[in-house]
Amino acid sequence: MIVFITGTSRGLGRFLKQRLVQRGHTVVGCSRAPAQGSDDLRLDVTDASACEDALRWIKQRHGRIDAVVNNAGYHLVGAALETTPEELRAQMELNFFGSVNVLRAAVPLMIEQRAGCLVNVGSIGGVLASPFAAAYNASKFALEGYAAALRAECAPFGVHVSNLTPAFVRTGTHGRSLVATRGEHALFSPHRMKVLRHMEAGGEKGVPMEAVARALERILSARQPRFHDSVDGLAARLALLRVLMPQRMFEAIVVRNTAPGWPEAATRSLPNP
């Protein structure tokens, strides 16, 4: 297979590229700043024209493009009220519009060849919202909806769209993908770094990258790949619990596991009436 993967300079993207190459696939990776000696393309996925040029070059060089994996992105950590408009736009620009640029560049080429697989490395944050991740959730929820519509539109042409939805992944570079907001808000900012440290600890205990690679291989080898693959099943289990449990109880569980100590900290931080 001829596979294009974004964000392959480190972490999960680099691992997926190496794994697929070991399996005998031809893989073209990209990043904004490839390491010295790397064969990655230099590509900023927020540049729509550059994405079109890159995908056309791959098609011309290899004759076809069998799969595209949208992996590039980062996780902005901060409450909605302390996230500046500029930070929100930057988060959406890379996580959502960057992925869309790649999809829009790849889809016409795949429709032309009547085959192809488009995979978004999403997140449980695309199906489950949590405190101090409003911007990140917005970017992943947007990609979730876009991909679902695109899947229905492309299916008649033999082009499949799937989303990987892991929770934490043990990449070894998790901390570099987490970015704290620069904005400040008296009620929320004191707790923001606690959430950030909790997420860093979660990354160290997350699923191994091998599990994500196996999920990707399931999608790429399937004749009719499903839309969601939650890697470790957590996203699927939480989706079921959200339906079965009372809403307030479910929300309390989410808050306790994603922003521990927040309700109590919020109560203490309220000014006297």
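As a reminder, the structure under discussion sits directly above these lines.
The text that follows walks through the structure, step by step, so that each part is easy to find.

The rules behind the values
Residues numbered from 1 in each chain as written. Predicted model: local features only at pLDDT ≥ 70, side-chain atom pairs only at ≥ 80, totals over all residues. Heavy atoms only, no water. Helix = DSSP H or I, 4+ residues; strand = E, 2+ residues; numbered from the N terminus. Rg over C-alpha atoms; globule rule 2.2 N^0.38 Å. Contact = heavy atoms within 4.5 Å. Areas by Shrake-Rupley, 256 points an atom, 1.4 Å probe, with all protein chains shown as cover. Polar contact = N/O pair within 3.5 Å; in protein donor to acceptor, adjacent residues only side chain to side chain. Pairing = 2+ DSSP bridges. Axes fitted to C-alpha atoms, helices over the stretch in contact; angles between N-to-C directions. Core = buried A, V, L, I, M, F, W, Y, C linked by side-chain atoms within 4.5 Å. Buried < 20%, exposed > 50% of the residue type's maximum accessible area, 1.4 Å probe, protein only. Parallel < 35°, antiparallel > 145°, perpendicular 65-115°, else oblique. Left-handed = near helix turned anticlockwise from the far one by under 90°. Nonpolar A, V, L, I, M, F, W, Y, C, P; charged D, E, K, R; others polar. Salt bridge = Lys/Arg side-chain N within 4 Å of Asp/Glu carboxyl O. Phe/Tyr/Trp six-rings, centres within 6.5 Å; stacked < 30°, edge-to-face > 60°.

Moving on to the overall build of the chain. Along the chain, the regular secondary structure elements total 10 helices and 11 strands. Compactness check: the chain gives a C-alpha radius of gyration of 19 Å against a globular reference of 19 Å for 273 residues, within 12% of the reference. Long-range contacts, defined here as pairs at least 24 residues apart, represent 73% of the contacts in the chain between residues at least 6 apart. When the accessible area of the chain is evaluated, it comes to approximately 13600 Å², of which 55% is carbon and sulfur surface.

Topologically, glutamate 82 is positioned in the loop between β5 (75-77) and α3 (85-113). For glutamate 82, the side chain forms a polar contact with the main-chain nitrogen of alanine 79, separated by 2.9 Å. There is a polar contact of 2.5 Å between the side chain of glutamate 82 and the side chain of serine 189. Contact partners of glutamate 82, with chain neighbours within four places excluded, come to Glu87, Phe132, Thr181, Gly183, Glu184, His185, Phe188, Ser189 and Arg192.

The 7 strands lie next to each other as β3-β2-β1-β4-β6-β7-β11, forming an open sheet whose pairing is parallel. Only two strands of the sheet have a single partner each, and these edge strands are β3 (41-42) and β11 (228-229). Set on the sheet, helix α1 (residues 11-22) makes contact with β1 (2-6), β2 (26-31) and β6 (116-121); between it and β1 the angle comes to about 170°. Relative to β1, helix α2 (residues 48-62) is tilted by about 155°, and along the sheet it contacts β1, β2, β3 and β4 (67-70).

Our next topic: the nonpolar core. Within the largest apolar cluster, 31 residues are counted, with the highest numbers of intra-cluster contacts made by Phe4, Leu43, Leu55, Ile65, Val68, Leu118 and Leu150. The set of elements that each furnish at least two residues to this core consists of β1, β2, α2, α3, α4 (134-154) and β7 (159-164). The residues touching isoleucine 65, leaving out its near neighbours within four places in the chain, are Ile2, Leu55, Ile58, Lys59, Leu109, Met110, Gln113 and Ala115. With 24 residues, the next largest nonpolar core counts Leu16, Val69, Val169 and Ala211 among its residues.

In the contact formed by α3 and α4, the axes pass within 8 Å of each other and the chain directions differ by 15°. Relative to α4, the element α3 is oriented roughly parallel. In this structure, the crossing between α3 and α4 has a hand that is right-handed. Side by side, α3 and α4 meet where Leu88, Gln91, Met92, Asn95, Phe96, Ser99, Val100, Leu103, Arg104 and Val107 of the first sit next to Ala135, Tyr136, Ala138, Ser139, Lys140, Ala142, Leu143, Tyr146, Leu150 and Cys154 of the second. Tallied by class, the residues present in the contact of α3 with α4 amount to 14 nonpolar, 4 polar and 2 charged.

Below, the discussion takes up the pattern of salt bridges. Counting across every chain of the model gives 11 salt bridges. Among the salt bridges present, the one from arginine 19 reaches glutamate 217, with a minimum N-O distance of 3.1 Å. One end of the pair, arginine 19, is in helix α1; the other, glutamate 217, is in helix α7 (residues 209-221), with 198 residues separating them in the sequence. On the accessibility criterion, arginine 19 (12% relative accessible area) is buried. Here lysine 59 ties to glutamate 112 by a salt bridge, and the two come within 3.2 Å at their closest N and O atoms. Here glutamate 112 lies in helix α3 and lysine 59 lies in helix α2, a separation of 53 residues in the sequence.

Looking now at the side chain of asparagine 101. Positionally, asparagine 101 belongs in helix α3. Here asparagine 101 falls in the buried class, since its relative accessible area comes to 14%. Discounting residues that sit within four places of it in the chain, asparagine 101 has contacts with Val45, Thr46, Asp47, Ala48 and Cys51.

Following the criterion strictly, the structure yields 5 aromatic pairs and no others. Consider the rings of phenylalanine 96 and phenylalanine 97, whose centres lie 4.9 Å apart with planes at 70°: the pair is edge-to-face. For the pair phenylalanine 96 and tyrosine 146, a centre-to-centre distance of 5.9 Å together with 85° between the ring planes defines the contact as edge-to-face. Within this pair, whereas phenylalanine 96 is found in helix α3, its partner tyrosine 146 is found in helix α4, the two being separated by 50 residues in sequence. On the accessibility criterion, phenylalanine 96 (12% relative accessible area) is buried.

This part covers the pairing of β6. Put simply, side chains in a regular strand alternate between the two faces of the sheet. The element β6 is largely enclosed, with a buried count of 6 among its 6 residues. Where β4 lies against β6, 4 bridges are found, and the strand directions are parallel. Paired with alanine 67 across the two strands is cysteine 117, which belongs to β6. Of the strand pairs in this sheet, β6 and β7 are connected by 6 bridges, and their pairing is parallel.

Function cannot be read off these values alone, since they describe shape.
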